[in-house]
Amino acid sequence: SGLSQEAGSVEQLSLHCAEGSLEWLYPTGALRLRLAPRLPPTTAAIKGGSPRHVTACVKPTGTFRGAQLYLEREGMLELLLPEAPRPRARCFSWQPQEKVALFLQATPHPDISRRIAAFRYELRGDWLARPALPAASLGTEGACRPCNDTEILMAICTSDFVIRGSIRSVSNDAELQESIIGVSAARIHRQKFPLFQAAGRPGRPVGSIRTPLRCGVKPGPGTFLFTGWLHFGEAWLSCAPRYRDFQRIYEGAQRTRQNPCEFPVD
């Protein structure tokens, strides 16, 4: 709470968790948030070395008021979230040896009405496949490119979800610049959280997967293998080959013993 801070003071905090949230009541002065994630050992083990970069994403709540959030890098400040921002995630990356921080600065107001500057955050090492995150600052110009065979094989081993199914619908959110793919699941191979669940009546589990609007996803027939990542509680698409193409790729890797993990193929 800013009520316990002196006017003009800067409170120092460190963020170590892979994900979490921060809520600042009655913002006064500033908060400097040092980013020091504890990276999971599996990142280095699978890649064969230390992460090339670390990625952070922040997403404001719908009631974000009373402050502005900046990225502090090499002594320079870059505005990430203005006061009363749209509820969109902003992502950025840095090399492990770089020193970066978030600088949350209170904005002056003539009254003392209740304001809350709150946001959720995620801190990660290298994603083990290409995440399609809605953030130009992350450098996702390749997010719409179809995955190659190596990326597909890695995606089935490391993704937060692997779903075999078909596209039920595609809707577009122009404000958030996101496409929402409605998926009917024929088989749930893996999901870390219950993203896909049976609807009210008996039938296939259904769920939604997001991807940047600029990728131009269209509904179409056929069975796909959807893989991707959980991002602020939502499923985001990584690789989605047609299932018959995945079968061919996986069986070829099996013959040459180049499949990184075992996967059930019908």
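See the structure printed just above.
Residues numbered from 1 in each chain as written. Predicted model: local features only at pLDDT ≥ 70, side-chain atom pairs only at ≥ 80, totals over all residues. Heavy atoms only, no water.

A. Structural view of the nonpolar core. Among the nonpolar cores identified, the biggest contains 25 residues, and L35, L102, L104 and F119 are the most heavily contacted of them. Mapped onto this core, the elements with two or more residues apiece are strand 2 (19-25), strand 3 (30-35), strand 4 (54-60), strand 5 (67-73), strand 6 (76-81), strand 7 (90-94), strand 8 (100-106) and strand 9 (116-124). Not counting chain neighbours up to four residues away, the residues in contact with F119 comprise G20, S21, L22, L33, V58, K59, P60, T61, F64, L69, L102 and L104. (Core = buried A, V, L, I, M, F, W, Y, C linked by side-chain atoms within 4.5 Å. Buried < 20%, exposed > 50% of the residue type's maximum accessible area, 1.4 Å probe, protein only. Helix = DSSP H or I, 4+ residues; strand = E, 2+ residues; numbered from the N terminus. Contact = heavy atoms within 4.5 Å.)

B. Expanded view of the pairing of strand 9. Most of strand 9 is tucked away: eight of the nine residues are buried. Where strand 2 lies against strand 9, seven bridges are found, and the strand directions are antiparallel. Directly across from L25, in strand 9, lies its bridge partner I116. (Pairing = 2+ DSSP bridges.)

C. Highlighting the packing of aromatic side chains. If you walk through the whole model with that rule in mind, you get seven aromatic pairs. On the numbers, 5.9 Å between centres and 40° between planes, the contact of Y243 with F246 is tilted. With Y243 and F246 both in helix 3 (residues 243-255) and three residues apart, the pair spans about one turn of that helix. The class for Y243 is buried, based on a relative accessible area of 7%. Residue F246 is classed as buried on the basis of its relative accessible area, which comes to 0%. (Phe/Tyr/Trp six-rings, centres within 6.5 Å; stacked < 30°, edge-to-face > 60°.)

D. Spotlight on the sheet that holds strand 9. Read from one edge to the other, the open sheet built from four strands follows the order 2-9-4-7, with strand pairing classed as antiparallel. Every other strand in the sheet has two partners, leaving strand 2 and strand 7 as the edge strands with one partner each. Strand-to-strand twist in this sheet, taken as the mean axis angle between neighbours without regard to direction, amounts to 20°. (Axes fitted to C-alpha atoms, helices over the stretch in contact; angles between N-to-C directions.)

E. Molecular detail of the side chain of R210. By secondary structure assignment, the location of R210 is in strand 13 (residues 205-212). What makes R210 buried here is its relative accessible area of 16%. Among the polar contacts listed, one links the side chain of R210 to the side chain of E178, at a separation of 2.7 Å. Look past the residues within four positions of R210 in its chain and what remains in contact with it is E178, S179, I180, E234, A235, W236 and L237. (Polar contact = N/O pair within 3.5 Å; in protein donor to acceptor, adjacent residues only side chain to side chain.)

F. Representation of unusual backbone geometry. The residue A84 is not glycine, and still its phi comes out positive at about 55°. Examined against the element boundaries, A84 turns out to sit in the loop between strand 6 and strand 7. Located in the positive-phi region is Q177, a residue other than glycine, with phi close to 60°. Among the secondary structure elements, Q177 is positioned in the loop between strand 10 (161-173) and strand 11 (178-191). By relative accessible area, Q177 is classed as partly exposed at 37%.

G. Representation of the sheet that holds strand 6. In spatial order, the strands read 1-3-8-5-6; together these five strands make up an open sheet with mixed pairing. Edge positions in the sheet fall to strand 1 (10-15) and strand 6, since each of these pairs with one other strand and no more. Taking the axes of each pair of neighbouring strands and ignoring which way they run, one obtains an average angle of 25° across the sheet. Where strand 5 lies against strand 8, seven bridges are found, and the strand directions are antiparallel. In the sheet register, A67 faces strand 8, and the bridge partner there is A106.

H. Spatial organisation of the environment of G29. One can find G29 in the loop between strand 2 and strand 3. For the pair G29 and Q5, spaced 24 residues apart in sequence, the C-alpha to C-alpha distance is 7.4 Å. If near-sequence neighbours (up to four positions away) are discounted, G29 is found in contact with G8, S9, W24, L104, Q105 and A106.

I. Summary view of the environment of L80. Along the chain, L80 falls in strand 6. It is 9.1 Å that separates the C-alpha atoms of L80 and L102, two residues lying 22 residues apart in sequence. Excluding residues that lie within four positions of it along the chain, L80 makes contacts with V58, L69, Y70, L71, R90, F92 and L102.

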